[in-house]
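Fold and geometry: a report
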Amino acid sequence: MSSSSYLVEVNNVKKYFPIKTGLLNRVIGQVKAVDDVSFGIRAGETFGLVGESGCGKSTLARVLLNLKSATGGEIKYAGRNIHTAGNRELRKLREEMQIIFQDPFGSLNPRFLVKDLISEPLRVHRRMSEQEMDNRVVELMEMVGLDASRRNRYPHEFSGGQRQRIGIARAIALNPKFIVADEAVSALDVSVQSQVLNLMMKLQKELGLTYLFIAHGLNVVRHISDRVGVMYLGKMVEVGKTEELFAKPLHPYTSVLLSAIPKPTTEHRDERIILQGDVPSPANPPSGCRFHPRCPFAQDRCKTEEPQLQTVSDERQVACHFPLQ
Ligand code: SF4
């Protein structure tokens, strides 16, 4: 990985949570939520990160934003290691790296007026007069397609899509460069999802934003992502340009996720691949390839030897002993 070409670099990052028991809180094991994950995100691109719930993608996002510490590995933003940054540098990083959460209602304090929710980051990070703050709130609400005359109302007076726009206005208030959208449209109706995705793409162009866009389904990330990474049980199993990955998945798990996308006609319905077995626990992941108990193509080697993420062609990586042809 050429270090200079990425705005965000994730190098061999691990995040383990200790499993404790008894009065003495004895550590009896580790939940390996993120286990040796590496990838990079270029300035101005959208990197889609996909996987079932519990695969570690949201934990990875929080480690990436320094909201949680890493157990191992390093994360660089614009060449700087975010976990060794000093206080002043960290403050600057916090302005440049923002997050949009899944549940706009849960992430917005219901007792705050919308203007206060949007201006909260400005109060913390900027010295502005009340008038300057109000002008900025009006500007931000217009940028995200909200009627600024409603800024003195409460979040419950807005629809789900509008509340997500409030969350986006808050996220861009400090002119960030990098935004993590963690399941940002997953709770919205499909028609509202596409409106919010279009807004995010518009803002990306206007403000030169870089996104890490996290979702549990591939259909959502296709619309917005330049490249996609697929995670399974704490591991990155495939990375590729969006169109190439959709046209020809190399990892059996990617193929399963693709087959879960509803087809427009009934004739393809039989092509769905139904996964066997439950998602194994990250506290006790299967030996060898973590996907082997559920993989229709598993062979003996898969049970003992862990496949590494290998570069197979330009921008394409896969972790599988027997990638799909
Ligand atoms: Fe399936 Fe084996 Fe590939 Fe794992 S390494 S995805 S078990 S074929």
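Looking at an unreviewed UniProt entry, the protein carries the name Peptide/nickel transport system ATP-binding protein, with the source organism given as Paenibacillus taihuensis.

Quick word on unusual backbone geometry
What is expected of a backbone is that most residues other than glycine have negative phi and most peptide bonds are trans. The backbone phi angle of asparagine 12 is positive, close to 50 degrees, even though this residue is not glycine. For asparagine 12, the position within the fold is in strand 1 (residues 8-21). Of note in the backbone geometry, asparagine 66 takes a positive phi value of approximately 65 degrees without being a glycine. On the secondary structure map, asparagine 66 appears in the loop between helix 1 (57-64) and strand 4 (72-77).

With respect to the sheet that holds strand 2 (residues 26-41)
As summarised here, the arrangement of the four strands in space is 2-1-4-5, forming an open sheet in which the pairing is antiparallel. Strands at the two margins of the open sheet, each flanked by one partner only, are strand 2 and strand 5 (80-81). Packing of helix 1 onto the sheet brings it into contact with strand 1, strand 2 and strand 4, and relative to strand 1 it is tilted by some 115 degrees.

Some thoughts on the nonpolar core
Counting 57 residues, the largest nonpolar core has Met200, Leu203, Phe213 and Leu218 as the members making the most contacts within it. If you look at the next biggest cluster of nonpolar residues, it comprises 31 residues, including Ile41, Val63, Leu90 and Met231.

A closer look at the packing of aromatic side chains
In total, this model carries four aromatic pairs according to the counting rule given. For the ring pair phenylalanine 39 and phenylalanine 47, a centre distance of 4.7 Å and an interplane angle of 20 degrees mean the geometry is stacked. When sorted by exposure, phenylalanine 39 lands in the same class as phenylalanine 47, which is buried. Aromatic ring contacts, followed pair by pair, group Tyr232, Tyr253 and Phe291 into a single cluster. A cation over a ring is seen here: arginine 150 above phenylalanine 158, with NZ or CZ 4.2 Å from the ring centre. Directly above the ring of phenylalanine 322 sits arginine 301, whose terminal nitrogen or CZ lies 5.9 Å from the centroid.

Description of the site of the ligand
Looking at the ligand, there are 13 residues lining it, with Cys289, Cys295, Cys302, Cys320 and His321 nearest. Considered class by class, the residues forming the shell around the ligand number ten nonpolar, three polar and no charged.

Some words on the packing of helix 6 (residues 160-172) against helix 7 (residues 190-207)
At a closest axis distance of 10 Å, the pairing of helix 6 and helix 7 adopts a crossing angle of 20 degrees. In terms of their interaxial angle, helix 6 and helix 7 are classed as roughly parallel. Classified by chirality, the crossing of helix 7 by helix 6 is right-handed. Together, Gly161, Gln164, Arg165, Ile168 and Ile172 of helix 6 and Val192, Gln195, Val196, Leu199, Met200, Leu203 and Leu207 of helix 7 make up the contact between the two elements. The residue makeup of the contact of helix 6 with helix 7, split by class, is eight nonpolar, three polar and one charged.

As for the sheet that holds strand 10 (residues 235-241)
Taken together, eight strands build an open sheet; the order of strands is 6-7-8-3-9-10-12-11 and the sheet is mixed. The sheet terminates laterally at strand 6 (97-100) and strand 11 (310-313), the two strands that pair on one side only. Shown here is a sheet whose adjacent strand axes are inclined to one another by a mean of 25 degrees, direction ignored. In the packing of helix 7 onto the sheet, the strands contacted are strand 3 (46-50), strand 6, strand 7 (178-182) and strand 8 (210-215), and the crossing angle to strand 8 comes to about 160 degrees.

What counts and how
- Residues numbered from 1 in each chain as written.
- Predicted model: local features only at pLDDT ≥ 70, side-chain atom pairs only at ≥ 80, totals over all residues.
- Heavy atoms only, no water.
- Helix = DSSP H or I, 4+ residues; strand = E, 2+ residues; numbered from the N terminus.
- Pairing = 2+ DSSP bridges.
- Contact = heavy atoms within 4.5 Å.
- Axes fitted to C-alpha atoms, helices over the stretch in contact; angles between N-to-C directions.
- Core = buried A, V, L, I, M, F, W, Y, C linked by side-chain atoms within 4.5 Å.
- Buried < 20%, exposed > 50% of the residue type's maximum accessible area, 1.4 Å probe, protein only.
- Phe/Tyr/Trp six-rings, centres within 6.5 Å; stacked < 30°, edge-to-face > 60°.
- Lys NZ or Arg CZ within 6 Å of the ring centre and 35° of its normal.
- Near = heavy atom within 4 Å.
- Nonpolar A, V, L, I, M, F, W, Y, C, P; charged D, E, K, R; others polar.
- Parallel < 35°, antiparallel > 145°, perpendicular 65-115°, else oblique.
- Left-handed = near helix turned anticlockwise from the far one by under 90°.

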